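Okay, here's what each chain looks like letter by letter:
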Amino acid sequence: MITLNFWREAIVREDVLVSEDILKRLNEAVVKYDVELTVELAKEVIATGFDPLKAIEQGLGEGLRVIGDEFEAGEIFLPMLMMAAQAVKESLAILEPALPKGTSRKTLGKVVIGTVEGDIHDIGKTIVAAMLTANGFEVYDLGCDTPTSKFVDKVKEVKPDIIGMSALLTTTMTKMAEVINVLKKAGLRGNVKVIVGGAPVSAAWAEKIGADAYAEDAIASVDVSKKLLDK
Ligand code: B1M
């Protein structure tokens, strides 16, 4: 006999299959650096009410990781990697506005965020900025390749509670330490918490350069920011 439970389980299985399917297709579209298809799939995510964060992190992000490994292995060339990044950026513009918004109208704190000087990787940083905004922080995004002086000037201008720095290259991670040192010299370090993140960054690196915290991904950056500000 077919019971109610049978149908409930069938519906759950169907949902899992549908979500695995859209994530797989997003993943493949990025790996094939197909800008048009990736954008179409991002629109499908919105139209079907699929979780935009899952689509960003497990669909687009995972696809970029795969193509990054192919690039490292010499299987693809830089223009292909750039097209994959373009596909992700255009899709992010569609998915970001659909991220759940913060519930309180009062902001939890001000965050100045940027990718450090010499580093043009801005996809992860943009996701972190979007998640912080969606969770009630007032975010000032300085973009990528941000000179140390720009971080410091923005701290003077908006007096943020937190500075977030992102680096994707081992060669640019040192710029995080430079920003912290310049803040110290300007007598501003005591007024602001510093969070660092990005693929080559670790908790050990954060400790070494005197940052207040390391966040592994966009969700962690929200938890860490709240914790630092006792929210
Ligand atoms: Co480049 N690239 N890239 N790249 N690229 C990497 C980083 C690399 C690991 C690829 C590889 O060789 N496997 C390698 C770095 C090697 C190293 O230093 N260890 C590399 C290289 C070498 C380069 C060039 C030097 C290539 C060249 O020109 N020969 C060049 C550098 C130019 C420069 O910056 N001066 C370059 C260029 C590019 C593109 C322009 C083509 C493009 C960037 C486009 C853009 O961002 N607008 C690009 C891309 C796309 C990548 C990979 C494939 C993907 C990066 C990404 O966006 N990931 C990357 C390989 C990889 O990571 N596997 C690679 C998805 C994103 C969601 O993840 O950025 O890690 P991620 O962000 C995460 C977390 O790290 C964290 O949260 C995010 C969301 O979960 N996070 C934070 C990030 N910032 C945070 C801040 C926080 C908290 C958490 O608090 C403030």
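See the structure printed just above.
Residues numbered from 1 in each chain as written. Predicted model: local features only at pLDDT ≥ 70, side-chain atom pairs only at ≥ 80, totals over all residues. Heavy atoms only, no water.

Draft legend 1. Region of the structure containing the nonpolar core. Counting 43 residues, the largest nonpolar core has Val45, Leu64, Val88, Leu95 and Leu99 as its most contacted members. Only helix 1 (4–31), helix 2 (35–48), helix 3 (52–72), helix 4 (78–95), strand 1 (110–115), helix 5 (123–134) and helix 9 (218–228) provide two or more residues apiece to this core. If you tally residues by element for this core, the top one is helix 5, at eight residues. Valine 88 has contacts with Val30, Leu60, Leu64 and Ile123, leaving out every residue within four places of it along the chain. With 25 residues, the next largest nonpolar core counts Val116, Met165, Met173 and Val196 among its residues. (Core = buried A, V, L, I, M, F, W, Y, C linked by side-chain atoms within 4.5 Å. Buried < 20%, exposed > 50% of the residue type's maximum accessible area, 1.4 Å probe, protein only. Helix = DSSP H or I, 4+ residues; strand = E, 2+ residues; numbered from the N terminus. Contact = heavy atoms within 4.5 Å.)

Draft legend 2. The coordination of the cobalt atom of the ligand, seen in detail. Protein coordination of the cobalt atom of the ligand is limited to a single donor, His121 (NE2), positioned at 2.2 Å. Turning to its location among the elements, histidine 121 is positioned in the loop between strand 1 and helix 5. (Donors = N, O, S within 2.8 Å, 3.2 Å for Na, K, Ca; no water.)

Draft legend 3. Local environment of the pattern of salt bridges. Evaluated as defined, the whole model comprises 10 salt bridges. One salt bridge in this structure joins aspartate 122 and lysine 89, with 3.0 Å as the shortest N-O distance. Placement of the pair is aspartate 122 in the loop between strand 1 and helix 5 and lysine 89 in helix 4, with a sequence separation of 33 residues. With relative accessibility at 14%, the residue aspartate 122 sits in the buried group. The closest approach of N and O atoms between aspartate 141 and lysine 125, which form a salt bridge, is 3.0 Å. In this pair, aspartate 141 sits in strand 2 (residues 138–141) while lysine 125 sits in helix 5, placing the two residues 16 residues apart along the sequence. A residue is classified by how much of its surface remains accessible, and aspartate 141, at 37% relative accessible area, is partly exposed. Look at lysine 125 and you get buried, because its relative accessible area is 3%. Several salt bridges share partner residues, and in doing so they unite Asp21, Arg25 and Glu44 into one network. (Salt bridge = Lys/Arg side-chain N within 4 Å of Asp/Glu carboxyl O.)

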